[in-house]
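Analysis of the macromolecular model
One-letter residues, chain by chain:
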Amino acid sequence: MIYIILCLILCGVVFYKSTIYKRHRRSLWNKHVAITGGSSGIGKAFAILAAKEGAHVTLLARNVDRLEEARNEIKQNTVTQDQIISKVPVDVSCPEAVENNLLEIEETIGPVYMLVNCAGFAVCGKLEDLSERDIKALVDVNLMGTIYAIRAVLPKFKKRREGIIVMTSSAVGLMGMFGYSVYSACKFALRGLAESLVMELKPYNVTVTLALPPDTDTPGFENENKSKPKETKLMSESGGLYKPEVVAKQLLEDALKGNFFSYVGLESFILTTLCVGMTSVNSVLELLLQICLLGPLRLIGTYYIKNFEKIVAKCFSENHVQEK
Ligand SMILES: NC(=O)c1ccc[n+]([C@@H]2O[C@H](COP(=O)([O-])OP(=O)(O)OC[C@H]3O[C@@H](n4cnc5c(N)ncnc54)[C@H](OP(=O)(O)O)[C@@H]3O)[C@@H](O)[C@H]2O)c1
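Calculation rules
Residues numbered from 1 in each chain as written. Predicted model: local features only at pLDDT ≥ 70, side-chain atom pairs only at ≥ 80, totals over all residues. Heavy atoms only, no water. Near = heavy atom within 4 Å. Polar contact = N/O pair within 3.5 Å; in protein donor to acceptor, adjacent residues only side chain to side chain. Areas by Shrake-Rupley, 256 points an atom, 1.4 Å probe, with all protein chains shown as cover. Helix = DSSP H or I, 4+ residues; strand = E, 2+ residues; numbered from the N terminus. Expected span 1.5 Å × (residues − 1). Bend = angle between axes of the 7 residues up to and from the residue. Buried < 20%, exposed > 50% of the residue type's maximum accessible area, 1.4 Å probe, protein only. Contact = heavy atoms within 4.5 Å. UniProt positions renumbered as here; feature names shortened; annotations may be inferred. Axes fitted to C-alpha atoms, helices over the stretch in contact; angles between N-to-C directions. Parallel < 35°, antiparallel > 145°, perpendicular 65-115°, else oblique. Left-handed = near helix turned anticlockwise from the far one by under 90°. Nonpolar A, V, L, I, M, F, W, Y, C, P; charged D, E, K, R; others polar.

**So, the site of the ligand**
- Around the ligand there are 29 residues in total, and Ser39, Ser40, Arg62, Tyr183 and Thr218 lie nearest to it.
- A distance of 2.9 Å separates a nitrogen atom of the ligand from a polar atom in the side chain of Asp91.
- One nitrogen or oxygen atom from the side chain of Tyr183 is found 2.7 Å from an oxygen atom belonging to the ligand.
- Bound to the protein, the ligand loses 93% of the 880 Å² it would expose on its own.
- Looking at the shell around the ligand, the elements that each hand over two or more residues are helix H2 (41-52), helix H6 (181-201) and helix H7 (219-226).

**Examining helix H11 (residues 284-323)**
- Taking 1.5 Å per residue as the helical rise, H11 with its 40 residues ought to reach 58 Å, and the 56 Å between its terminal C-alpha atoms agrees with that figure.
- For H11, the principal kink sits at Leu294 and spans about 45 degrees; a proline, Pro296, occurs within the next four residues.
- Along H11, the residues classified as buried are Leu289, Gln290, Cys292, Leu293, Leu297, Gly301, Phe308, Ile311 and Cys315.

**A word on the side chain of His56**
- Mapped onto the secondary structure, His56 falls in strand S2 (residues 56-61).
- In this structure His56 comes out as buried when scored by relative accessible area, which is 8%.
- Leave out the neighbours within four places in its chain, and His56 touches Asn30, Lys31, His32, Val33, Asp82, Gln83, Ile84 and Ile109.

**Description of the environment of Ser40**
- Counting through the fold element by element, Ser40 comes out in the loop between strand S1 (32-36) and H2.
- Taking the C-alpha atoms as reference points, Ser40 and Thr272, separated by 232 residues in sequence, lie 26 Å from one another.

**Looking at the UniProt feature "transmembrane region" (unreviewed entry) in the chain**
- Under the feature "transmembrane region" (unreviewed entry), the UniProt entry names residues 164-183.
- In the segment residues 164-183, helix accounts for 15% and strand for 25%; the C-alpha atoms at its two ends are 25 Å apart.

**Description of the packing of helix H4 (residues 95-109) against helix H5 (residues 132-160)**
- Their axes nearest at 8 Å, the elements H4 and H5 cross at an angle of 40 degrees. As the angle between them shows, H4 and H5 are arranged oblique. The chirality of how H4 crosses H5 is right-handed. Mapping the contact onto sequence places Pro95, Val98, Glu99, Leu102, Leu103 and Glu106 in H4 and Tyr148, Ala149, Ala152, Val153 and Lys156 in H5.
- Split into classes, the residues belonging to the contact of H4 with H5 amount to eight nonpolar, no polar and three charged.

Dropping the structure here:
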């Protein structure tokens, strides 16, 4: 009882203090923001917000028509006449193309200040049902595509002693889930990449933010649903569906403040706190909150996992009956 009261008091103090001591928020005014996957979904929503902050925005994606459409939409959200909104048709899984295109665009617009890696996609299904082609593409785009883009800007970030890197992982980058095996492996890998880079880049004043979007209403999500097994659909439906604008707004705030994790919603808060592991600490208050909550949240997490296991068992017996 005393423990619960102490936790509640601490939560109150943390909430009160966090509204007073805001972390320094950097500005994007006149800065160059490059966004892979900026022509659709979360990336496009982020691009619109960056334009509203006065940034020059470069969108990188493959489909030229969608890029042009997105560029026109983003242009309508600029706040000065001088802002440059440009598009670069490129496949992020080709390292040379990513590097050369970024180099070229930097020559005309200026050095990239913020790199947002949003290019990615999911193919669901049991591991043995995924084609080799899908497996390779998932790794090439979600993981390698992020690495290539970061490598293209990193030396310049270090030289200038400034920069912001955003990587887009997922809730399944913190916990495995039925039907996500390879996608989840790629998103887990991004966390390792992000944690290592935080350590490498701290002395250079370059920050890293790892986005953990919940289910978000985007063309990519619509596409993902086509390959989702019944079990995966049942497990994810409790979390709700968020708008890309909401996810992008939180991501922009977290990236500008240099927060490591970016998430929205109570379920993502629970998951992120549970999986905080060895990530660097944002503030003493946040650390105290995690110390108090980790035990009780493990109980809540166990409840979720047990529910998921029940779903798998139920679907298994249903499928078994059908097979008979
Ligand atoms: N939506 C969700 O529920 C959700 C949840 C968790 C995490 N995420 C992650 O969030 C990120 C954005 O997802 P979204 O839902 O906004 O997807 P989306 O609407 O499908 O947008 C994906 C963007 O990535 C680009 N892209 C895909 N493959 C590419 C490649 N090989 N090279 C360059 N660009 C490429 C797409 O353009 P082109 O196809 O024209 O190249 C598009 O601009 C992804 O990393 C996804 O895994 C999404």
